[in-house]
Amino acid sequence: MQPRRPPPPAPGPPRPAAPLLALPLLLLAVQGAAAPTGPEAAEWRPDTGPPHGLLRQAARAALHFLNFRAGSPSALRVLAAVQEGRARINAKKECTVDLVFTTEHYNSEEGEERLGKCSARVFFRNQKPRPAVNVTCARLMEKTKRQQEDYRLYKQMKQLRNPLDGVSIPDSHGHIDPSLRPVWELAFLGSSYVMWEKTTRFLHYYMAQLSGVKQWETNDGAIDFDYTVLLHEFSTQEIIPCRIHLVWSPGKPLTVKYHCQELLAPEDASGTEEGSAVAPTELSNF
Amino acid sequence: MQRLLILSVLLGAVLGKEDFVGHQVLRISVADEAQVQKVKELEDLEHLQLDFWRGPAQPGSPIDVRVPFPSIQAVKIFLEAHGIEYTIMIEDVQSLLDEEQEQMLAFQARASSTDNFNYATYHSLEEIYDFIDLLVAENPKLVSKLQIGSSYEGRPLYVLKFSTGGKNRPAIWIDTGIHSREWVTQASGVWFAKKIVQDYGRDPAITAVLDSLDIFLEIVTNPDGFAYTHSTNRLWRKTRSHTSGSLCVGADPNRNWDAGFGLAGASSSPCSETYHGKSANSEVEVKSIVDFVKDHGNIKAFISIHSYSQLLLYPYGYKKAAVADQKELDEVAKSAVAALTSLYGTKFQYGSIYTTIYQASGSSIDWAYNQGIKYSFSFELRDTGRNGFLLPASQIIPTAEETWLALQTILEYTLNHPY
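Residues numbered from 1 in each chain as written. Chains lettered and ligands numbered in written order. Predicted model: local features only at pLDDT ≥ 70, side-chain atom pairs only at ≥ 80, totals over all residues. Heavy atoms only, no water.

Some remarks on the sheet that holds strand β1 (residues 24-29) of chain B
All names here are of chain B.
Phase 1: With antiparallel pairing, the 4 strands of this open sheet are ordered in space as β2-β3-β1-β4. Edge positions in the sheet fall to β2 (51-54) and β4 (85-90), since each has one partner strand and no second. Strand-to-strand twist across the sheet, computed as the mean angle between neighbouring axes with direction ignored, equals 30°.
Phase 2: Pairing between β2 and strand β3 (residues 63-67): 3 bridges, direction antiparallel. Paired with D51 across the strands is R66, a residue of β3.
Phase 3: Contacting β1, β3 and β4, helix α3 (residues 72-81) crosses the sheet at an angle of about 10° to β1. (Pairing = 2+ DSSP bridges. Helix = DSSP H or I, 4+ residues; strand = E, 2+ residues; numbered from the N terminus. Axes fitted to C-alpha atoms, helices over the stretch in contact; angles between N-to-C directions. Contact = heavy atoms within 4.5 Å.)

As structure tokens, this is what we get:
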């Protein structure tokens, strides 16, 4: 959630004494954008910095994108803290955010704290979704371990009885049966793609619940997973059901197709959103 | 009759630690004396381990027998070969036992006192209302239950009053569960209620507060929504009121207050999660609190508790402009958050609703502040999205404990800064 106007000086994490990475130079040369002039560029005064909410928004977008691109359900990350950031907006209300933030392992037990550091540039095109993300992170999990964990998860999925009719994950009490954790993690991986695509300057998403698992098969050794997830959009508080179909096998790029129900009428059959993608194997630059 | 038999089997199981997986209970109908004799033959075959609940007697009397899994085939073949009719009364004895066991445990689990109430799990509306009655019964001098109204669907709206006497003392209002899916809040409310009675007379701080102020606590502020999250949709947020002209149900009770009602920051669509309702106070759950607070006339702090995001908020939400008491509220929020974080390191941010979370019109604390209740705050409890509304039950008590420290800070501040 972020404010729509600049706030009074907000409390935030202490700014480190070390200078930002060599970002200031990049800020002056953002492709296609006008050089900073006039009120837009001065919207965030350098001494107070950009609204904290905007930095968090950018961090979340970067993380969804990162999780999807990494394609590893055992190495999912969540936001720990934003450390520093800077933003500029141009005349077309396009917003570029540069930031440094720390992450935690999604599956970490309480108390387990291994913070991986990331830096990212996120570009929001006014209120349009699908922000452009360029993100690099220090490795949180050693590569071989990650591959082992992915493979273990893969085997667990293959052994589970299927389909899981009528099962909600987590249950109403927030509990996920340990045997179903792999299902949740794989679902989160696929949902990351959807959440990244739908994130805008003002809208952001969390995965609230896995409300239906249709089926999975393992053809050619891959897991072909069809499920329904309930996304929670924070600023509108809406719950959005999305049907997601992903194909995954350890070490290979993830493919995702999805179909979300949009808007509010109970009789609604219109206004659906669709998308699909294959995770790129290269880092994407914008 | 069956129940008695089941119970006796259960006892046997408990005592003998037997396992009845796959065992079946057959009801055998014997047509004549010859068939009765045949069944008696079966009885004699010890290796089958048959357990006759109702033994062979005469033709016309049903014979009930529990058949262990390994013997089922043999017994059925035998009966069929001799043309003896039977039906399967119980397909799997163990599952029936398991079900019963669960029911028994659930029955036992209904707390008989607030000391054996399970605070580390989520409860139903009925269980919470039972808890309220127990608490009052155990602490009649300190706690009383008020009904401030009835919900849209006719459920009572209960408020606990904690008071050591006096007449219309200055008081603090706390509500949890106005948004029904935010389950950690109702659960925390239950914990707070118990905490207050435990600490009064033992903890100097809360004792000082209650010796001068009253506390009003509404644990289930939206009981219709709460019941709905149990019965139908765990992620239901709003009330369950019907809007004419729409198939959609419910209004957002935290957009329904008379403070910037209908302005940006709420939706005019009945199908929206932030639908403000057809007019301010149209929701009876809201109106009941408004009437109560106005009639009381001496509320000095108003605290609404939500989840999730880990925030402590003060007014305004409906506009960007700072409240006149912004500086003071910010200081109070700062120290409340420091107290909260001190326990488990849980990080909270604080500020006005508008600048910290989003523009929201018609919210409870904006209304309360505009009524002159200076210390108006809203909490957003754990977590920050990893579990969201479906916060694991194991986090209920830590959440309640840390939040209580923040609440105490506000309560003490209110006590020490009368106005």
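A word on the packing of helix α4 (residues 143-159) of chain A against helix α5 (residues 181-198) of chain A
All names here are of chain A.
Phase 1: Where α4 meets α5, the axes come as close as 9 Å, and the angle between the chain directions of the two elements is 115°. The orientation of α4 with respect to α5, classified from their angle, is roughly perpendicular. As α4 packs across α5, the resulting crossing turns out to be left-handed. Between α4 and α5, the contacting residues are L153, Q156 and M157 on the first element and P182, V183, E185 and L186 on the second.
Phase 2: Grouping the constituent residues of the contact of α4 with α5 by class yields 5 nonpolar, 1 polar and 1 charged. (Parallel < 35°, antiparallel > 145°, perpendicular 65-115°, else oblique. Left-handed = near helix turned anticlockwise from the far one by under 90°. Nonpolar A, V, L, I, M, F, W, Y, C, P; charged D, E, K, R; others polar.)

Digging into the environment of G262(B)
Residue and element names in this part refer to chain B.
Phase 1: Following the sequence through the fold, G262 ends up in the loop between α8 (223-231) and α9 (284-296).
Phase 2: It is 9.1 Å that separates the C-alpha atoms of G262 and Y275, two residues lying 13 residues apart in sequence.
Phase 3: Excluding residues within four positions of it along the chain, G262 makes contact with H276 and S361.

Here's the deal with the nonpolar core
Phase 1: The biggest cluster of nonpolar side chains holds 101 residues, and the ones touching the most others in it are L160(B), F162(B), W173(B), I219(B), F302(B), F377(B) and F379(B).
Phase 2: The next biggest cluster of nonpolar side chains, apart from the first, holds 63 residues, and it includes L54(A), A58(A), L99(A) and F124(A). (Core = buried A, V, L, I, M, F, W, Y, C linked by side-chain atoms within 4.5 Å. Buried < 20%, exposed > 50% of the residue type's maximum accessible area, 1.4 Å probe, protein only.)

Focus on the interface of chain B and chain A
Phase 1: Counting residues at the interface gives 34 residues for chain B, matched by 36 residues for chain A.
Phase 2: Buried surface at the junction of chain B and chain A, both sides included, amounts to about 3000 Å², of which 56% is carbon and sulfur.
Phase 3: Broken down residue by residue, the surface that chain B buries against chain A is led by Y358(B), R386(B) and L390(B), which jointly contribute 22%.
Phase 4: Viewed at the interface, chain A and chain B are joined by 1 salt bridge.
Phase 5: Residues E104(A) and R386(B) are paired through a salt bridge, measuring 3.7 Å at the closest nitrogen-oxygen approach.
Phase 6: In this structure, the connection of chain B to chain A is made through 10 residue pairs in polar contact (both at pLDDT 80 or more).
Phase 7: Breaking the side of chain B that touches chain A down by element, the ones donating at least two residues are β11 (349-352) and α11 (353-356) of chain B.
Phase 8: Top contributing element to the side of chain B that touches chain A by residue count: α11(B), with 3 residues. (Buried area = accessible area lost by both parts, 1.4 Å probe. Salt bridge = Lys/Arg side-chain N within 4 Å of Asp/Glu carboxyl O. Polar contact = N/O pair within 3.5 Å; in protein donor to acceptor, adjacent residues only side chain to side chain.)

A short note on the state of the cysteines
Residue and element names in this part refer to chain A.
Phase 1: Across all of its chains, the model carries 3 disulfides over all chains by this definition.
Phase 2: Between the sulfur atoms of C118 and its disulfide mate C137 the distance is 2.0 Å. The chirality of the disulfide connecting C118 with C137 is right-handed, given an S-S dihedral of about 105°. Here the residue C118 occupies a position in strand β3 (residues 116-125), and C137 occupies one in strand β4 (residues 132-137), the gap between them amounting to 19 residues.
Phase 3: On the basis of relative accessibility, which here comes to 2%, the residue C118 falls in the buried class. (Disulfide = S-S within 2.5 Å.)

A word on the packing of aromatic side chains
Residues and elements named next belong to chain B.
Phase 1: Scanning the model with the defined rule gives 32 aromatic pairs over all chains in all.
Phase 2: With a centroid separation of 4.9 Å and an interplanar angle of 50°, the aromatic rings of F117 and F131 are classed as tilted. Of the two residues, F117 sits in the loop between α4 (93-109) and α5 (125-138) while F131 sits in helix α5, which places them 14 residues apart along the sequence. Exposure class is identical for F117 and F131. Each is buried.
Phase 3: Centroid distance Y375 to Y413: 5.3 Å. Interplanar angle 90°. Geometry classified as edge-to-face. A residue pair is termed long-range when its members are at least 10 positions apart, and Y375 in strand β12 (residues 375-381) and Y413 in helix α13 (residues 396-416) qualify at 38 residues.
Phase 4: On the accessibility criterion, Y375 (1% relative accessible area) is buried. (Phe/Tyr/Trp six-rings, centres within 6.5 Å; stacked < 30°, edge-to-face > 60°.)

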